[in-house]
2 protein chains.
Amino acid sequence: MTEEEFLKFLRQKFRPHSREVICGVGDDCAVLDFPDHWLLLTLDTFVEGRHFSWDYFTPYEVGRRLAAANLSDLAAMGGKPTFALLSLSTPRLEEERITVFLEGIKSKLALYGAELIGGDTCRHEKWVISLTLLGHTPKGGAVFRHGANPGDLIFVSRPLGASAAALYLWQKGLEPPASLKKAHLDPDPEVTLGAILAENQLASAMIDVSDGLLLDLERLCEASGVGAELELERIPVAEEVKALPLEDPYSLALKGGEDFALLFTVPAEKAKILEQLCRRKLYQIGRIIPSPGLFLLEDRTRKPIAPEGFDHFKV
Amino acid sequence: MTEEEFLKFLRQKFRPHSREVICGVGDDCAVLDFPDHWLLLTLDTFVEGRHFSWDYFTPYEVGRRLAAANLSDLAAMGGKPTFALLSLSTPRLEEERITVFLEGIKSKLALYGAELIGGDTCRHEKWVISLTLLGHTPKGGAVFRHGANPGDLIFVSRPLGASAAALYLWQKGLEPPASLKKAHLDPDPEVTLGAILAENQLASAMIDVSDGLLLDLERLCEASGVGAELELERIPVAEEVKALPLEDPYSLALKGGEDFALLFTVPAEKAKILEQLCRRKLYQIGRIIPSPGLFLLEDRTRKPIAPEGFDHFKV
């Protein structure tokens, strides 16, 4: 099975039964109904040699990056992060290395008001680290993947491709510019924006761009039972990516992954007040259509486009 | 650092600041103060080749065993388990293998009223799996490691050594008897007992025996600022372990680990009603003393005994 097939399989076979479960497998967080709020839970695993390499990452950055991925999942549902638990598998408990790694997690969580409160550790040849992050929204206050409707406008929160471009350059033996390195090693999760979109009921559906714009858009569309049309020239590509000698800079923006931007849909009538309420630039890149499938508008032609992106288990 | 040194280091350097944190690093679960209950969180990681081998375990049993370890941590604080999240790193997503593994987790959780509601997966050469389990107690209703007082009697919930004996036999190329195999592959967490001990305020301190009786007792004593005296002949050794041709069957019971029995202290005046309220046999094995250190009473002599047990990072 690929990761996509596995996730589908999980959603079918492992449907939770408790009435407290607002949302189980199949969104960025699990959501539980508590008496005075919704509890959000997310978990992200980060593996040496697969998600990160010590050639590019310091232990501090590994901690920052791990926390960022979890914070981004919480942001994608509009949640406020609170507490985290760490699972650390590592070859050796070297005090300095572990201290700076933990400082990386702590400092990143602290930026968003969250704290590391526990975990487990064991020995393994490679670093395999997994963070569980808790957060909350008011009751009824989370934004899901499944709320997009035909006609809704599709937005992305910032230019894309920077993280994938850094990796591309490293793998060519080149040193990326500082801003691209930062995007890869220490990305900023959109926690504040996610909360504003949720609180003001601006977003009808939301996901974070972790495996590539197209793949994550396809997930949002599939959950909502709709399709999407993207306008290529509206897709924001990070400036430093445009400056690279690439045949197709859009490829990194469409399929690159690890951008940790928010991808969300907004009903047309709310789009006018969107930037005003969010107090920042946001990028409208397309619109939701009734029938399934992704389409790309380029030079007045409309072509179907495959939802390619990163899948750990695809050969 | 050894695992013990690392845990001490974490307790010193990573003290949580939020007032919702009743207990962070340093007990079987993290405990958070919620408006109408305490939320308990625990996380356990299980690594192929370190915690388990495919020579002895089926995928179903790996799932059962992983869930059992988490349930036991929750039992050790008297919590009622509710929901779990899984981190699964595995070389391939083979449908049948993954299905029975997940069925193992699900079925074990279901025995105690808990459900798997989400997680993350990625590719890695070895299985590295980590489960985060949530649970709750009424406000003020959890039992910690730090509540033991001099004079309290020390109890263990059932005979020890069976899980370690199974592993010992496998490693000698022998087939263990069914009851020993069951103890290793599919141990029963003491969720019901833990809850009774907590609800009736019988236990002053509690921990589960995961790394060996002596090491876990030392952890309880250290957290409580006390020591302990054990009576060797009172320590219950599993019948099937006694039947093995071992030089010292007590060694497996004292240091073996993965018993997932509960180890707890009870004020002397409550000890009389203990078995009546718990409706089962429990084993008094010693008593708490004021000064630190573990001592073993054997044939009327009293000898200090080192808190040896399993430490993943000890060379």
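Procedures and definitions
Residues numbered from 1 in each chain as written. Chains lettered and ligands numbered in written order. Predicted model: local features only at pLDDT ≥ 70, side-chain atom pairs only at ≥ 80, totals over all residues. Helix = DSSP H or I, 4+ residues; strand = E, 2+ residues; numbered from the N terminus. Rg over C-alpha atoms; globule rule 2.2 N^0.38 Å. Buried ≥ 20, exposed ≤ 12 C-beta atoms within 10 Å, placed from the backbone. Contact = placed C-beta atoms within 7 Å. UniProt positions renumbered as here; feature names shortened; annotations may be inferred. Pairing = 2+ DSSP bridges. Axes fitted to C-alpha atoms, helices over the stretch in contact; angles between N-to-C directions. Parallel < 35°, antiparallel > 145°, perpendicular 65-115°, else oblique. Nonpolar A, V, L, I, M, F, W, Y, C, P; charged D, E, K, R; others polar. Expected span 1.5 Å × (residues − 1). Least-squares fit on C-alpha atoms with pLDDT ≥ 70 in both. Domains from an automatic or database assignment.

(A) Molecular detail of the overall build of chain A. When helices and strands are tallied, chain A shows 10 helices and 13 strands. Here chain A has a C-alpha radius of gyration of 19 Å; the compact-globule value for 315 residues is 20 Å, and the two agree. Here the C-alpha coordinates of chain A stretch approximately 55 × 55 × 40 Å along the principal axes. Expressed as a percentage of its 315 residues, the buried residues of chain A come to 56%. Once local pairs closer than 6 in sequence are excluded, the contacts in chain A between residues at least 24 apart make up 81%.

(B) Local environment of the environment of B:L93. Residues and elements named next belong to chain B. Mapped onto the elements, L93 comes out in the loop between strand 4 (80-90) and helix 3 (95-111). Residue L93 is classed as partly exposed on the basis of its C-beta count, with 19 C-beta atoms lying within 10 Å. Along the chain, L93 and A142 lie 49 residues apart, while their C-alpha atoms are 38 Å from each other.

(C) Geometry of the UniProt feature "binding site: Mg(2+) 1" (unreviewed entry) in chain A. Sequence positions flagged by UniProt for "binding site: Mg(2+) 1" (unreviewed entry) are, in local numbering, A:D44 and A:D120. Among the secondary structure elements, A:D44 is positioned in strand 3 (residues 37-47). Given 24 C-beta atoms within a 10 Å radius, A:D44 is considered buried. Not counting chain neighbours up to four residues away, the residues in contact with A:D44 comprise A:L66, A:A69, A:N70, A:D73, A:S130, A:L131 and B:D120. Judged by the 22 C-beta atoms lying within 10 Å of it, A:D120 falls in the buried class. The residues contacting A:D120, other than those within four sequence positions of it, are A:S87, B:L43, B:D44 and B:T45.

(D) Structural detail: the pairing of strand 7 (residues 153-156) of chain B. Residues and elements named next belong to chain B. In this structure, strand 7 lies alongside strand 10 (residues 262-266), joined through 4 bridges in antiparallel fashion. Across the sheet, residue L153 finds its bridge partner in strand 10, namely V266. Two strands pair when backbone bridges link them, and strand 7 and strand 11 (residues 283-289) are joined in this way by 4 bridges, in the antiparallel orientation. Of the residues in strand 11, the one forming a bridge with F155 is Q284.

(E) Layout of the packing of helix 4 (residues 162-171) of chain A against helix 5 (residues 178-185) of chain A. Residues and elements named next belong to chain A. Close contact between helix 4 and helix 5 brings their axes to 7 Å; oriented N to C, the two are set at 105°. As far as their axial angle goes, helix 5 and helix 4 are roughly perpendicular. Seen from helix 4, the contacting residues are A162, S163, A165, A166 and L167; seen from helix 5, they are S179, L180, K181, A183 and H184.

(F) Seen up close, helix 5 of chain A. For helix 5 of chain A, the full list of buried residues reads A:L180, A:A183, A:H184 and A:L185. Contact partners of the buried residues in helix 5 of chain A: helix 2 (59-75), helix 4 and helix 8 (239-242) of chain A.

(G) Quick look at the UniProt feature "domain: PurM-like N-terminal" (unreviewed entry) in chain A. The UniProt record annotates "domain: PurM-like N-terminal" (unreviewed entry) at residues 26-135 of chain A. Taken end to end, residues 26-135 of chain A comprises 31% helix and 40% strand; its first and last C-alpha atoms sit 17 Å apart.

(H) Seen up close, the interface of chain B and chain A. With 44 residues of chain B at the contact, the number on the chain A side is 43 residues. Counting residues per element, the ones that place at least two in the side of chain B that touches chain A are helix 1 (3-13), strand 2 (30-34), strand 3 (37-47), strand 4, helix 3, strand 5 (115-123) and strand 6 (128-137) of chain B. Examining the composition of the side of chain B that touches chain A, we find that 9 residues originate from one element, strand 5 of chain B, more than from any other. Looking at side-chain class alone, the side of chain B that touches chain A contains 22 nonpolar, 13 polar and 9 charged residues.

(I) Geometry of helix 7 (residues 213-224) of chain A. Residues and elements named next belong to chain A. Given a rise of 1.5 Å per residue, 12 residues ought to cover 16 Å, and the 16 Å separating the end C-alpha atoms of helix 7 matches this to within 8%. Judged by how many residues are buried, helix 7 sits mostly within the fold: 10 of 12 residues are covered. Turning to helix 7, its buried residues are L213, L214, L215, D216, L217, E218, R219, L220, C221 and S224. Its buried side turned inward, helix 7 meets strand 7 (153-156), strand 8 (205-208), strand 9 (227-231), helix 9 (249-255), strand 10 (262-266) and strand 12 (293-298). Looking one or two places after helix 7, you find G225, whose phi comes out positive at around 70°.

(J) Up close: the sheet that holds strand 8 (residues 205-208) of chain B. Residues and elements named next belong to chain B. Across the sheet, which stays open at both edges, the 7 strands sit in the order 8-10-7-11-9-12-13 with mixed pairing between neighbours. Whereas interior strands pair on both sides, the edge strands pair on one side only; in this sheet they are strand 8 and strand 13 (301-304). Here the average twist between neighbouring strands, direction ignored, is 25°. Here strand 8 pairs with strand 10 via 4 bridges, running antiparallel. Considered in strand 10, the bridge of I207 is made with L263.

(K) Main features of the relation of the copies chain B and chain A. The operation relating chain B to chain A is a screw motion whose rotation component is 180°, with 0.0 Å of axial translation and a residual RMSD of 0.0 Å. In the structure described here, the two chain copies are related by an operation that fits a two-fold rotation axis. A shared binding surface is used by both copies, with 98% of the interface residues of chain B retained as interface residues in chain A.

(L) Inspection of the domain arrangement of chain A at higher detail. Residue and element names in this part refer to chain A. The assigned domain composition of chain A is domain 1 (3-137) and domain 2 (145-304). Residue-level contacts link 22 residues of domain 1 with 19 residues of domain 2. Elements represented by at least two residues in the side of domain 1 that touches domain 2 include exactly helix 2 and strand 4 (80-90). Broken down by class, the residue content of the side of domain 1 that touches domain 2 amounts to 11 nonpolar, 4 polar and 7 charged.

(M) Broad picture of the environment of A:S89. Mapped onto the elements of the fold, A:S89 is located in strand 4. The exposure class assigned to A:S89 is buried, which follows from the 27 C-beta atoms found within 10 Å. Distance in space between the C-alpha atoms of A:S89 and A:S179 is 30 Å, their sequence separation being 90 residues. Residue contacts for A:S89: discarding those within four places in its chain leaves A:C122, A:H124, A:W127, A:V128, B:T45, B:V47 and B:V128.

(N) Region of interest: unusual backbone geometry. Notably, A:Q201 is not glycine yet its phi reads approximately 50°, a positive angle. Inspection of the secondary structure puts A:Q201 in the loop between helix 6 (191-199) and strand 8.

(O) Here's a closer look at the sheet that holds strand 2 (residues 30-34) of chain A. All names here are of chain A. Strands sit in the order 1-2-3-6-4-5 across an open sheet of 6 strands; the sheet is mixed. The sheet terminates laterally at strand 1 (21-23) and strand 5 (115-123), the two strands that pair on one side only. Ignoring which end each strand starts from, the neighbouring axes of this sheet average 20° apart. The sheet contact formed by strand 3 and strand 6 (residues 128-137) spans 10 bridges and is antiparallel. Bridged to L40 within strand 6 is G135.

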